[in-house]
Amino acid sequence: MSYHISETKVATSRASEVDINNIPMGIAFTDHMFVCDYENGQWHNPRIEPLGLIPTHPAAMALHYGQAIFEGLKATLGKDNTPLLFRPEENAKRLNFSADRMGMPDFPEDLFVEGLKKLVAIEHKWIPKNEGSALYLRPFMYADEAFIGMRAATKYKFIIMASPAGPFFSKPIKLYAETKFIRAANGGTGEAKAAGNYAAAIRPTEMAKAKGYDQVLWLDAQNFEYVMEVGTMNIFFKIDGKIVTPNLGGSVLAGITRMSVMTLLRDKGFEVTERPISMREIVAAFKNGTLEEAFGTGTAVGIAMVEEIGYQELAIVFPRESPVAQDIKDTLHRIKVQTQADKFGWIVPVALNLEVQA
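Definitions and cut-offs
- Residues numbered from 1 in each chain as written.
- Predicted model: local features only at pLDDT ≥ 70, side-chain atom pairs only at ≥ 80, totals over all residues.
- Heavy atoms only, no water.
- Helix = DSSP H or I, 4+ residues; strand = E, 2+ residues; numbered from the N terminus.
- Buried < 20%, exposed > 50% of the residue type's maximum accessible area, 1.4 Å probe, protein only.
- Contact = heavy atoms within 4.5 Å.
- Expected span 1.5 Å × (residues − 1).
- Axes fitted to C-alpha atoms, helices over the stretch in contact; angles between N-to-C directions.
- Parallel < 35°, antiparallel > 145°, perpendicular 65-115°, else oblique.
- Left-handed = near helix turned anticlockwise from the far one by under 90°.
- Nonpolar A, V, L, I, M, F, W, Y, C, P; charged D, E, K, R; others polar.
- Pairing = 2+ DSSP bridges.
- Core = buried A, V, L, I, M, F, W, Y, C linked by side-chain atoms within 4.5 Å.
- Salt bridge = Lys/Arg side-chain N within 4 Å of Asp/Glu carboxyl O.
- Phe/Tyr/Trp six-rings, centres within 6.5 Å; stacked < 30°, edge-to-face > 60°.

Draft legend 1. Fine view of the side chain of D37. Position of D37 among the secondary structure elements: in strand 2 (residues 32-39). Take D37: its relative accessible area is 12%, and that puts it in the buried class. With residues up to four places along the chain from it excluded, the contact list for D37 reads Q42, W43, H44, N45, R47, Y156 and K157.

Here it is, written out as structure tokens:
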């Protein structure tokens, strides 16, 4: 289905005022945003407009009851400087999975992708060219009905904004295995990309940073024994030549980079297993010398090599080299910039003269 997406553009772009090739993620934002409103049981008025403040009533239900979800993906430049998206249809599906869990309406998946394409086509001059950099895209949905009461809202906004971003981590990272606070429990919202999941992680993450770590390695909510995921990414281990990653199980986010990395690893001949992984197993493998690599995967971080995990009084230190993680990181990058064939059909080019028909 095609949609009429109206456009209101800024008179002069600010892209030339920003060093987009040397900027941390989340600091600068592009000229425009995509906006769509939900009311009376349907989405309407999809539009591109100048990035600006959003009028919000103090009783907007997202502020009081937390109906807010988001996604994250990146646009890169490929052959002939063509903007490229990586598996945007998967982000559309996951947004609706989160929406269902949070009692929110589905957003049309084809409109999700068309809105992304339209915004990226307009903002293509904001896409960085440096390796490891990209235009980060943040689709999100929240309840903006003015009402005080515990029920699902009847009015929502869906917005996509964009921010040029350099690499999230420029060196291997240290993780702190948390044994007091939890990220999610079975039956909760851990498998949804809900804003509240991240709010609950802020204090434990700041505490971990104060101890010299980069992020939290979350463990299960019942016994603090099984590995779940890291603050902004899924986690993989290479143990005795085999790759293992925690199974989703209802409390782990189904990462799109995670899914893609598993496909790449298997294509390269590795045995990849999704299963429960205990800290007891990690410690034993560290002590007997079979713990070979650990790396995180996520849209923002890409592939992040792990150099150490702090667990109780033990420092689990990994070898300096991460050959598998580095190879996967390089392979993903080459696919995303079209210097390697995309045999999986993951890349979606964006036409700069994109026209959306009514």
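So, next bit.
Draft legend 2. Spatial organisation of helix 3 (residues 109-122). Look at helix 3: 20 Å from first C-alpha to last across 14 residues, which is about the 20 Å you get at 1.5 Å a residue. Counting buried residues along helix 3, 11 of its 14 residues qualify, which places the element largely inside the surrounding structure. Of all the positions in helix 3, only L111, F112, V113, E114, G115, L116, K118, L119, V120, A121 and I122 are classed as buried.

Draft legend 3. Inspection of the packing of helix 2 (residues 88-101) against helix 3 at higher detail. One can describe the packing of helix 2 onto helix 3 by two numbers: an axis separation of 9 Å at closest approach and a directional angle of 130°. By the criterion of interaxial angle, the relationship of helix 2 to helix 3 is oblique. Between helix 2 and helix 3 the crossing geometry is right-handed. Across the interface between the two elements, P88, E89, N91, A92, K93, L95 and N96 of helix 2 pack against E109, F112, V113 and L116 of helix 3. Its residues placed into classes, the contact of helix 2 with helix 3 shows 6 nonpolar, 2 polar and 3 charged.

Draft legend 4. The arrangement of the pairing of strand 5 (residues 73-77) in detail. Of all 5 residues in strand 5, 5 are buried; the element is thus mostly enclosed. What you see with strand 5 is no split at all: L73, A75 and L77 on one side and K74 and T76 on the other are buried throughout. For strand 5 and strand 7 (residues 134-143), the ladder comprises 3 bridges, and the chain directions are antiparallel. Paired with A75 across the strands is L135, a residue of strand 7. Alignment of strand 5 against strand 6 (residues 83-86), held across 3 bridges, turns out to be antiparallel. The residue bridging T76 from the neighbouring strand is L84, located in strand 6. Between the end of strand 5 and the start of strand 6, which pair antiparallel, lie 5 residues, with D80 showing a positive phi angle near 55°.

Draft legend 5. Inspection of the nonpolar core at higher detail. Ranked by internal contacts, the top residues of the largest apolar core, which has 51 residues, are F34, F107, L137, M141 and F158. Among the elements that make up this core, the one with the highest residue count is helix 3 (8 residues). Excluding residues that lie within four positions of it along the chain, L137 makes contacts with E71, G72, L73, K74, A75, L85, L116, V120, M161 and A162.

Draft legend 6. Spotlight on the pattern of salt bridges. Applying the stated criterion across every chain, the model contains 19 salt bridges. Taking the shortest distance from any N to any O, the salt bridge between E7 and K9 comes out at 3.5 Å. Judged by its relative accessible area of 35%, E7 falls in the partly exposed class. Note that R183 and E229 form a salt bridge whose closest N and O atoms lie 3.5 Å from each other.

Draft legend 7. Main features of helix 5 (residues 256-267). The end-to-end C-alpha separation of helix 5 is 17 Å, in line with the 16 Å expected for 12 residues at 1.5 Å each. Of the residues one or two after helix 5, G269 is the one with positive phi, at around 95°.

Draft legend 8. Structural view of the packing of aromatic side chains. The full count for this structure, using the stated rule, is 13 aromatic pairs. Relative to Y156, the ring of Y38 has its centre 5.8 Å away and its plane inclined at 65°; by these criteria the two rings are edge-to-face. Residue Y38 is located in strand 2, and its partner Y156 is located in strand 8 (residues 156-165); the two are separated by 118 residues in the primary sequence. Take Y38: its relative accessible area is 16%, and that puts it in the buried class. Residue Y156 is classed as buried on the basis of its relative accessible area, which comes to 2%.

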